[in-house]
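Chain by chain, the residues:
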Amino acid sequence: MNDIAIESILQEERKFNPPDQFVQKAKINSFEQYQQLYNKAKKDPEAFWAELAANELHWFKKWEQVLDWKPPFAKWFVGGKLNISYNCLDRHLNTARKNKAAIIWEGEPGDSRTITYAQLHREVCQFANALKELGAKKGDKVAIYMPMIPEAAIAMLACARIGAAHTVIFGGFSAEALKDRLVDAEVKVVITADGGYRKDKVVALKTQVDLALAENSVPSVQKVLVVQRSKELTQMQPERDYWWHDLQKTVSADCPAEEMDSEDLLFILYTSGTTGKPKGVVHTTGGYNLYTHMTTQWIFDLQETDVYWCTADVGWITGHSYIVYGPLSNGATTVMYEGVSRPSNPGCMWDIIEKYGVTIFYTAPTAIRAWIKMGDSYPNSRNLTSLRLLGTVGEPINPEAWIWYHRIIGAERCPIVDTWWQTETGGVMISPLPGAIATKPGSCTLPLPGVLVEIVDLDGNAVKTNEGGYLAIKYPWPSMMRTVYNNPERFRQSYWEHIPPKDGQYFYFAGDGAREDTDGYFWVMGRVDDVINVAGHRLGTMEIESALVSHQAVAEAAVVGKPDEIKGEDIFAFVTLEGSYSASESLANELKQHVAREIGAIARPGEIRFTEALPKTRSGKIMRRLLRGLAAGQDVAGDTSTLEDLSVLDKLREAI
Ligand code: WTA
């Protein structure tokens, strides 16, 4: 584990009270109200969650037991039956929400679509029936490899409707990365599109699927369902590939939601860890539905008339919980955008806010930093007065970016919710409630009701106020990951053994360093393991190293994060070459390309440095701390006492 960089702790004293205008209309509008809720949950968490589950969700059958906690394995609402697609769709149909916009979609080349709850219900039922025709049934695994089009959300809800678990794979992943995930999740049906639009380009997704499935390399996959989006030419393989628009003509729009057990698998989502290949994070139905439903209400102070826009991709957990399930379960209007902000279209985000009158805007610090670079004239020349609340997620936000967001986008009128959470937690864990909690730029403030957080050392002892330590969670919550798919032992090792249980108290280890200040506010400093966060994308340094050494020229590789003004961190790779190869600019480019092919463009190293040797300890461990220092341009002279061969350092300095 990496040392916790206590020196890097921010000294930020500014505090912003929830704006009066906001407080007047907010549902939870005082600190006392937050405290009451928090204390109620703390006193009797099971009763707290049970009351909400009964009042907020539709159950076909009530549970027998709220929580079954056999550490580290939790079951919530044991014996309860429900369906999340029913909660997101059917139950809104007998209400005034029937013809309300469920999804407002803005497509890249100027396309757009508004889908009401009634229409969404119909399409999800048809899609579900199409999946059934292709042989998918309850308990099967279905992969979704799609651009950001409404059919991505429709496909997720259709899977949930028939009880097939989905695994959404980000459309930016390469065929190789896709194949690994299809194999691990034992996927039966793949849902994809011919192509999607991203950053002024068409990404030919179906071609990647064909590559991943070539030579029967994923024997479990039987069918591929293809949505036509870009009119990209694609070879349809008979008996395997089917067009969605063909099936849609024949399938019925009647598909009752399957009664799922609360603990039935809802989805698997792959994420990077310290070791090995990405882990399949397992989420189940009831607890996840409840927690994402409640947190969407709390964090976004959701009101019936809100137009809510989260800019994430459905390939990540943020897209799952806060584009699709959380908002739709609450009957909200959720905006989906196919593209991403980019320099060639610097005003596009602000145009969308103006066009649809977006009231809540949820995005990532890396995007904010890029917008600052593009210039204030773009947001300043749009009408953003519809906005009432702003949010951020994915990485620590630097106070400068926070203040810009507050002034230029929020016009000092909108509270900012800085939300800390992870793929594993399923929903937001630490965040201000915008009408109740004063914010400080760079702090995610206080834990949500039902969340017990403590900053501890590796023995599980609480550290002092303002001292750096490890962020740990001390009590189960409904949307916690249940296990690593097919690997409960890895679940235990990755999350529950770094800080060993003490007197029956278990600690969920998040992998982040943090501190708690005198107001009890949390400041997350970033990962303390070998996970790096590049433009809000989570990557394991080992995955990138494995990709590098799979190239014939590479003998050894060590990857570290280098601080980057916009991306937060960039990928910096140190590489030693096999004897017959010599360092060159073109080889560096080839290696970058190779990593992009193996994993995806998001993992392409920003810099590659060739070196004759890597710094190792006497026991042969690569000294990453030293490499991180070198990559960041720091003086690492004082850091070398355990280095086996001191001359390596000079060679590395030459390489830099
Ligand atoms: C980081 C994304 C600081 C953190 C939802 C965590 C944050 C990892 C914040 C999870 C935040 C997320 N402040 N750091 N508000 N939100 N992180 O699984 O390091 O893609 O462990 O989930 O992102 O990334 P993941």
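Structure's up top.
Residues numbered from 1 in each chain as written. Predicted model: local features only at pLDDT ≥ 70, side-chain atom pairs only at ≥ 80, totals over all residues. Heavy atoms only, no water.

Enquirer: Account for the site of the ligand, naming residues and giving values.
Expert: Close to the ligand lie 17 residues, the nearest being Asp418, Thr419, Thr423, Asp512 and Arg538. One of the backbone nitrogen or oxygen atoms of glutamate 395 is found 3.4 Å away from a nitrogen atom of the ligand. Expressed as a share of its isolated accessible area of 530 Å², the protein-covered part of the ligand is 95%. Looking at the shell around the ligand, the elements with two or more residues in it are helix 11 (317-329), strand 20 (416-419) and strand 24 (522-527). Counted by class, the shell around the ligand contains six nonpolar, six polar and five charged residues. (Near = heavy atom within 4 Å. Polar contact = N/O pair within 3.5 Å; in protein donor to acceptor, adjacent residues only side chain to side chain. Areas by Shrake-Rupley, 256 points an atom, 1.4 Å probe, with all protein chains shown as cover. Helix = DSSP H or I, 4+ residues; strand = E, 2+ residues; numbered from the N terminus. Nonpolar A, V, L, I, M, F, W, Y, C, P; charged D, E, K, R; others polar.)

Enquirer: Explain the nonpolar core residue by residue, including any values.
Expert: Ranked by size, the top nonpolar core spans 125 residues in total, and within it Trp49, Leu120, Phe127, Leu131, Ile191, Tyr325 and Leu471 carry the most contacts. Ranked by residue count, the leading element in this core is helix 6 (residues 150-162), at ten residues. Residues in contact with phenylalanine 127, not counting those within four places in the same chain, are Ile154, Ala155, Ala158, Ile191, Leu225, Val227 and Trp244. Ala177, Val190, Val209 and Val221 belong to the second-largest nonpolar core, a separate cluster that totals 48 residues. (Core = buried A, V, L, I, M, F, W, Y, C linked by side-chain atoms within 4.5 Å. Buried < 20%, exposed > 50% of the residue type's maximum accessible area, 1.4 Å probe, protein only. Contact = heavy atoms within 4.5 Å.)

Enquirer: How would you summarise the environment of alanine 96 if you had to cite specific residues and measurements?
Expert: One can find alanine 96 in the loop between helix 4 (84-88) and strand 4 (101-106). Sequence separation between alanine 96 and arginine 229 is 133 residues, and the spatial gap between their C-alpha atoms is 32 Å.

Enquirer: Residue-level account of the pattern of salt bridges, with values.
Expert: Counted under the stated rule, the structure contains 46 salt bridges. With a closest N to O distance of 3.6 Å, arginine 407 and glutamate 412 form a salt bridge. Look at glutamate 412 and you get partly exposed, because its relative accessible area is 48%. As a salt-bridge pair, aspartate 570 and lysine 567 come within 3.5 Å of each other at their nearest N and O atoms. Connected through salt bridges with shared partners, the residues Lys15, Lys440, Asp517 and Asp519 form a single ionic network. (Salt bridge = Lys/Arg side-chain N within 4 Å of Asp/Glu carboxyl O.)

Enquirer: Give me the lowdown on helix 3 (residues 45-56), citing residues and values where you can.
Expert: Along its twelve residues, helix 3 runs 16 Å from first to last C-alpha, staying within 8% of the 16 Å computed at 1.5 Å per residue. Those residues of helix 3 not exposed but buried are Pro45, Phe48, Trp49, Ala50, Leu52 and Ala53. Next to the buried residues of helix 3 lie helix 2 (31-43), strand 1 (65-70), strand 2 (73-78) and helix 10 (285-300). (Expected span 1.5 Å × (residues − 1).)

Enquirer: Would you mind going over the sheet that holds strand 16 (residues 307-310) in detail, with residue names and values included?
Expert: The strand order across the open sheet built from seven strands is 5-4-17-16-18-19-20, with neighbouring strands paired in mixed fashion. Unpaired on one side and paired on the other, strand 5 (112-116) and strand 20 mark the two borders of the sheet. Between one strand and the next, the sheet's axes are offset by a mean angle of 20 degrees, whatever the strand orientation. Where strand 16 meets strand 18 (residues 360-363), three bridges bridge the pair, whose relative direction is parallel. Residue tryptophan 309 lies in a different strand from strand 18, and its bridge partner there is phenylalanine 361. Where helix 6 meets the sheet, it contacts strand 4, strand 5 and strand 17 (333-337), and its direction lies at approximately 30 degrees from that of strand 5. Along the sheet face, helix 11 touches strand 4, strand 16, strand 17, strand 18 and strand 19 (389-393) and points at about 165 degrees away from the line of strand 16. (Pairing = 2+ DSSP bridges. Axes fitted to C-alpha atoms, helices over the stretch in contact; angles between N-to-C directions.)

Enquirer: Describe the packing of aromatic side chains, with residues and values.
Expert: Note on aromatic pairs: each is described by the distance of the centres and the angle between the planes. Following the criterion strictly, the structure yields 38 aromatic pairs and no others. Their ring planes at 45 degrees and their centres at 4.5 Å tell us that phenylalanine 127 and tryptophan 244 sit as a pair that is tilted. With phenylalanine 127 in helix 5 (residues 117-133) and tryptophan 244 in helix 9 (residues 244-250), the pair connects residues that are 117 residues apart, well separated along the chain. Comparing phenylalanine 127 with tryptophan 244, the two get one shared label, buried. Considering the side-chain rings of phenylalanine 491 and tyrosine 495, the 5.9 Å spacing of their centres and the 50 degrees angle between planes classify their relative orientation as tilted. Separated by four residues within a single helix, phenylalanine 491 and tyrosine 495 lie in helix 16 (residues 488-496), roughly one turn from each other. The same class applies to phenylalanine 491 and to tyrosine 495, which are both buried. (Phe/Tyr/Trp six-rings, centres within 6.5 Å; stacked < 30°, edge-to-face > 60°.)

Enquirer: Pulling in residues and values, what's your account of the sheet that holds strand 24?
Expert: Taking strand neighbours across the sheet as the criterion, the four strands line up as 21-22-23-24 in an open arrangement whose pairing is antiparallel. In the strand order of this sheet, the two ends are held by strand 21 (453-456) and strand 24, each with one partner. Going from strand to strand, the sheet's axes swing by 45 degrees on average, the running direction of each strand aside.

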